[in-house]
Amino acid sequence: MKSLIDKLEREQILSREEFISLIENHNPELAGYLFERALAVRHRHYGHDVYIRGLIEFTNYCKNDCFYCGLRASNRNAQRYRLSQEQIMDCCREGYRLGFRTFVLQGGEDPWYNTDRIEDLVRTIKSEFSDCAVTLSVGEHPREVYQRWYDAGADRYLLRHETATAKHYSMLHPANLSLENRLRCLWDLKEIGYQVGCGIMVGSPGQTTENIADDLLFMAKFQPDMVGIGPFIPQHDTPFRDKTAGTLELTVFLLGIIRLMLPQVLLPSTTALGTIHPTGREQGILAGANVCMPNLSPTEVREKYALYDNKICTGDEAAQSLNSLKKRMESIGYRVVESRGDRAGRMIQ
Ligand code: 5AD
């Protein structure tokens, strides 16, 4: 199996069968070797720097009804909130003061936050913080809409593909959502010029090793600038409340594989990873991740952005606790840096 890891490092790709056997044979010893190689590649491109993003969860209204997500439209128990533009600007001001140079605006697909309002929001943030990157993560929209937001100054877009297999996609989503449209969105975003992130939940209900291999092959073809992966975690008000969560072990193993396959990718060690294990985020960094996304949302609304159960939001993952995040990273030999943190090797227009 180590020879497969060497081959992946050398060629940045494996066949579907090779990915399947690598994943199925993952064990602590193999993981140790994978992480050693993944870190060597990571250090070549990013040294020991950890980029930070201020995550602003600005609305939890959502018109979609994804089976896994606590923000799904039919969840009557969700306490809905929506931040005003001024509240969002205050989050950015605080974030800037703390050292953040990327703001991630994440929300459900909220019809009130329509094309015009998000366009205005992006323009306003970019005019006050011209040295910062703005990342949008607000779901599926027509190409024209993505173009308007890009023209307003948005730099990056996160849209996890969730799974590259249509049959699996339909197990996770209602019939009005399709993998085809999801992928259309991703290709449009890329053509427009955004730095684009795709990604999956590890251990989502119905996910097979074959599905994961096909996700990796999709990533190899799409060549994203960013990949967001974290374990699936059940949420008690969703149809998947009784499903089992994804594991830390498989998630970090996949982080290592992705680092070798996409050497320069921006790879966050996600909140979901920090939720399933107290040192989950450190373990993600030690597997090859190079980004952390502390929460910058106002404290009062954080608990309401309940994608899944027990989501951490007031401890060290809070932007306000940046000092303890810095110490944690230093304790494992890394350093949080104050920069936009664009993808290495990318020309910025
Ligand atoms: N567990 C883990 N991740 C989840 N997401 C949504 N619901 C869950 C859950 N129950 C992830 C999805 C989505 C991102 C914003 O959060 O992958 O794209």
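How each quantity is defined
Residues numbered from 1 in each chain as written. Predicted model: local features only at pLDDT ≥ 70, side-chain atom pairs only at ≥ 80, totals over all residues. Heavy atoms only, no water. Core = buried A, V, L, I, M, F, W, Y, C linked by side-chain atoms within 4.5 Å. Buried < 20%, exposed > 50% of the residue type's maximum accessible area, 1.4 Å probe, protein only. Helix = DSSP H or I, 4+ residues; strand = E, 2+ residues; numbered from the N terminus. Contact = heavy atoms within 4.5 Å. Near = heavy atom within 4 Å. Polar contact = N/O pair within 3.5 Å; in protein donor to acceptor, adjacent residues only side chain to side chain. Areas by Shrake-Rupley, 256 points an atom, 1.4 Å probe, with all protein chains shown as cover. Nonpolar A, V, L, I, M, F, W, Y, C, P; charged D, E, K, R; others polar. Pairing = 2+ DSSP bridges.

S.K.: What should I look at first to understand the nonpolar core in this one?
M.R.: Side chains that are nonpolar tend, in soluble globular proteins, to be buried together. In terms of nonpolar packing, the biggest core is built from 102 residues, with Ile56, Ile88, Ile125, Tyr194, Leu216 and Ile257 touching the most fellow members. Top contributing element to this core by residue count: helix α10 (residues 248-261), with ten residues. Apart from residues no more than four positions distant in its own chain, Ile125 is found in contact with Ile88, Met89, Cys92, Phe103, Leu105 and Val134. Grouped together as the second largest cluster of nonpolar side chains are eleven residues, Tyr51, Leu55, Leu158 and Val291 included.

S.K.: For this particular structure, what's the right way to read the site of the ligand?
M.R.: Taken together, Tyr68, Cys69, Arg160, Glu162, Met201, Pro231, Phe232, Ile233, Leu307 and Tyr308 make up the full set of residues adjacent to the ligand. Between the ligand and the protein, one listed contact pairs a nitrogen atom with a backbone N or O atom of Tyr68 at 3.0 Å. One nitrogen or oxygen atom from the side chain of Arg160 is found 2.9 Å from an oxygen atom belonging to the ligand. In isolation the ligand offers 400 Å² of accessible surface; the protein chains occlude 89% of this area. By residue class, the composition of the shell around the ligand is eight nonpolar, no polar and two charged.

S.K.: Help me out: how do you make sense of the sheet that holds strand β1 (residues 49-52) in this one?
M.R.: Hydrogen bonds between backbone atoms are what pair the strands of a sheet, whose relative direction is either parallel or antiparallel. Read from one edge of the open sheet, three strands run β8-β1-β9, paired in parallel fashion. A strand with exactly one partner marks an edge of an open sheet, and here the two such strands are β8 (291-292) and β9 (335-337). Sheet topology places β1 next to β9; three bridges connect them, and they run parallel. Among the inter-strand pairings, Asp49 is bridged to a residue of β9, identified as Arg335.

S.K.: What is the right way to look at the pairing of β1 in this model?
M.R.: If a strand is regular, its side chains alternate between the two faces of the sheet. Burial of the side chains of β1 extends over both faces: Asp49 and Tyr51 are buried on one face and Val50 and Ile52 on the other. Bridging between β1 and β8 involves two bridges; their strand directions are parallel. Bridge pairing links Ile52 to Cys292 in β8.

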